[in-house]
Amino acid sequence: SVMVAAAGCEETVEPPPTLADLPPELVRLVVGALDHVDDLARANAACRVLRSAVVHALRTRVDERGHGDALPAALLGSAQTLTEELFAREAVLRGARRHVKLADAGGHRRGNVCAFSAFADCGGLVHTCGEVVLDAEGGSWQPLAIGQAGAADVGTGVPRIVASLSAVIVHALAAGAAHLLAMSEVGAVYACGDNTNGQLGIGSAAGPPRGEFVPVSALDGALIVCIAAGGDSSLALTAAGAVHGWGWNRFGQLGIASEPSMDVVPTPRHVEMAGARVAGMAAGDAHALLLTTAGAVFSCGAGGNGRLGHGDQLDQRVPVRIDALAGVRVVHVSAGTAHSLVVDDAGNVRSFGHALGGCLGHGDEANQLVPKRIEALRAVRAVHVSAGWS
């Protein structure tokens, strides 16, 4: 209660009730009336008070369908793991048609065989298909179903719900050569796949690859709004405009200056931008582009073929501003295997780097060491670009 004094009188004002003040039975009744598993997922993510009611509703529905008997005993001691399992079972049993919201694909890992795709639907559930096959110690090949528990099997070619993220509403995905990142609606980051170079951000580059998603715990407390995955590298952007990088840093593609012994960065580290606030980013195979709120572009990593746009082919271990874009306000960037694309606020597209197959759009295969406007698109107002991998 709050005492309010006004005009010589006092009045007791009761604070408004909250969800926590409602009877548990009423909360269960309301949550149980939610028709679709997507609505339950939103309730679970939105408020801690609702989570026990969500679990009750899920268990009730699974039991009603006769599929609740085989819950593994190991799950019963973990509320989070139990919720994930129940979400996965309910989603599969409902068999509802879902609209795909976004997707990403990875693959082309040198020395290994990697081909996979990931899809996030309108309810925030992730579906994956394909596999990552890594050359383990001793020369044996280990097929891994990306995003799934266990080894790849005959069902790997059909998209399946990712159980380890079924209690999370995913807003974005980013695929590297052999790893996959997911960002939730509350700004948390999860990773799965190969961790040879620390690209999962779990504090170590040792151990087997992870089929199921694991949280990037080092980013807890940071509100992540954007993620990017390079060949074996990962980037995350916070709401405050700060960038964190982890994974393979042999050429400086994380923008983190380090000694050769730190070529592998297994835990997210802050990328120093000299006070500039970052609004967007893109990760290539071994380089990265960072777009500031002022429309400037910084690049770092492998400089071969001119992909960094600095007029040379030197590697840059820390982000360096692309002087050739001075006076141009860039609004979008994309990084491919060895070339880069940028779009300015007038819709003009510029490309630079390796021109293999004419991918720079200039009608030839001449590499460009600095950004060059694509004349064939002069009559086009571009809003988005995407640089492919080879």
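Just so we're clear, the structure is a prediction, and the values are computed from it rather than from any experiment.

**Some thoughts on the overall build of the protein**
Within the protein, the secondary structure is distributed over 4 helices and 23 strands. Within the protein, buried positions represent 49% of all 390 residues. Sequence separation of 24 or more characterises 50% of the internal contacts of the protein that already satisfy a separation of 6 or more. Of the accessible surface of the protein, which amounts to about 18000 Å², a share of 55% is contributed by carbon and sulfur atoms.

**With respect to the nonpolar core**
Ranked by internal contacts, the top residues of the largest apolar core, which has 18 residues, are Leu165, Val170, Leu173, Leu180 and Phe213. Core analysis: the second largest hydrophobic core is formed by 17 residues, Leu235, Val265, Met273 and Ala283 among them.

**What to know about the pattern of salt bridges**
Enumeration over the complete set of coordinates arrives at 4 salt bridges. With a shortest N-O distance of 3.9 Å, Asp263 and Arg250 are connected by a salt bridge. Taken together, the residues span a long stretch of sequence, with Asp263 in the loop between β14 (243–248) and β15 (264–271) and Arg250 in the loop between β14 and β15 at a distance of 13 residues. Arg317 serves as the salt-bridge partner of Asp263, at 3.7 Å between the closest nitrogen and oxygen. Taken together, the positions of Asp263 in the loop between β14 and β15 and Arg317 in strand β19 (residues 316–321) put the pair 54 residues apart, joining distant regions of the chain. Taken together, the salt bridges that share partners define one network made up of Arg250, Asp263 and Arg317.

**Overview of the pairing of β14**
Burial analysis of β14 places 5 of its 6 residues in the buried class, the great majority of the element. In this sheet, β14 lies alongside strand β13 (residues 233–238) in antiparallel orientation, the contact comprising 5 bridges. Across the sheet, residue Ala236 finds its bridge partner in β14, namely His244. Taken together, β13 and the strand that follows it, β14, pair antiparallel across an intervening segment of 4 residues, in which Gly241 is found at a positive phi of about 90 degrees.

**Concerning the environment of Gly147**
In this structure, Gly147 sits in the loop between β6 (141–145) and β7 (160–161). With a relative accessible area of 2%, Gly147 lands in the buried category. On a C-alpha basis, the gap between Gly147 and Ala118 in space is 8.5 Å, while along the polypeptide they are 29 residues apart. In this view, Gly147 contacts Thr128, Val162, Ser164, Cys192, Gly211, Glu212 and Phe213; residues no more than four positions away in its chain are not counted.

**Examining unusual backbone geometry**
Unlike most non-glycine residues, Ala274 shows phi in positive territory, near 55 degrees. With respect to the helices, strands and loops of the structure, Ala274 is situated in the loop between β15 and β16 (278–283). Positive phi values are uncommon outside glycine, yet Asn305 reaches one of about 70 degrees.

**Considering the confidence of the model for the protein**
Atomic detail in the predicted coordinates should be set aside for any region of low pLDDT. Averaged over all residues, the pLDDT of the protein equals 81, while 73% of them reach at least 70. Of the regions scoring below 50 in pLDDT, residues 67–81 engages in 17 contacts with residues more than four places distant in sequence or in other chains.

**A look at the sheet that holds β13**
Strand order in this open sheet of 4 strands is β12-β13-β14-β15, and the pairing throughout is antiparallel. Bordering the open sheet on either side are β12 (224–229) and β15, each of which pairs with just one other strand. Between one strand and the next, the sheet's axes are offset by a mean angle of 15 degrees, whatever the strand orientation. Note: β14 against β15, 5 bridges, orientation antiparallel. Residue Val243 lies in a different strand from β15, and its bridge partner there is Val271.

**A word on the environment of Ala288**
Positionally, Ala288 belongs in strand β17 (residues 287–292). Judged by relative accessible area, which is 1%, Ala288 ranks as buried. Sequence separation of Ala288 and Arg307 is 19 residues, and the distance between their C-alpha atoms is 9.4 Å.

**Observations regarding a nonpolar patch on the surface**
Residues Leu19, Leu22, Leu26, Leu29, Val30 and Val49 make up a contiguous nonpolar surface patch of about 500 Å² in total accessible area. For Val49, the position within the fold is in the loop between α2 (37–46) and α3 (51–64). With relative accessibility at 34%, the residue Val49 sits in the partly exposed group.

Conventions adopted
Residues numbered from 1 in each chain as written. Predicted model: local features only at pLDDT ≥ 70, side-chain atom pairs only at ≥ 80, totals over all residues. Heavy atoms only, no water. Helix = DSSP H or I, 4+ residues; strand = E, 2+ residues; numbered from the N terminus. Buried < 20%, exposed > 50% of the residue type's maximum accessible area, 1.4 Å probe, protein only. Contact = heavy atoms within 4.5 Å. Areas by Shrake-Rupley, 256 points an atom, 1.4 Å probe, with all protein chains shown as cover. Core = buried A, V, L, I, M, F, W, Y, C linked by side-chain atoms within 4.5 Å. Salt bridge = Lys/Arg side-chain N within 4 Å of Asp/Glu carboxyl O. Pairing = 2+ DSSP bridges. pLDDT = per-residue confidence, 0-100. Axes fitted to C-alpha atoms, helices over the stretch in contact; angles between N-to-C directions. Patch = residues over 30% accessible without salt bridge, like charges linked within 9 Å, V, L, I, M, F, W, Y side chains within 5 Å.

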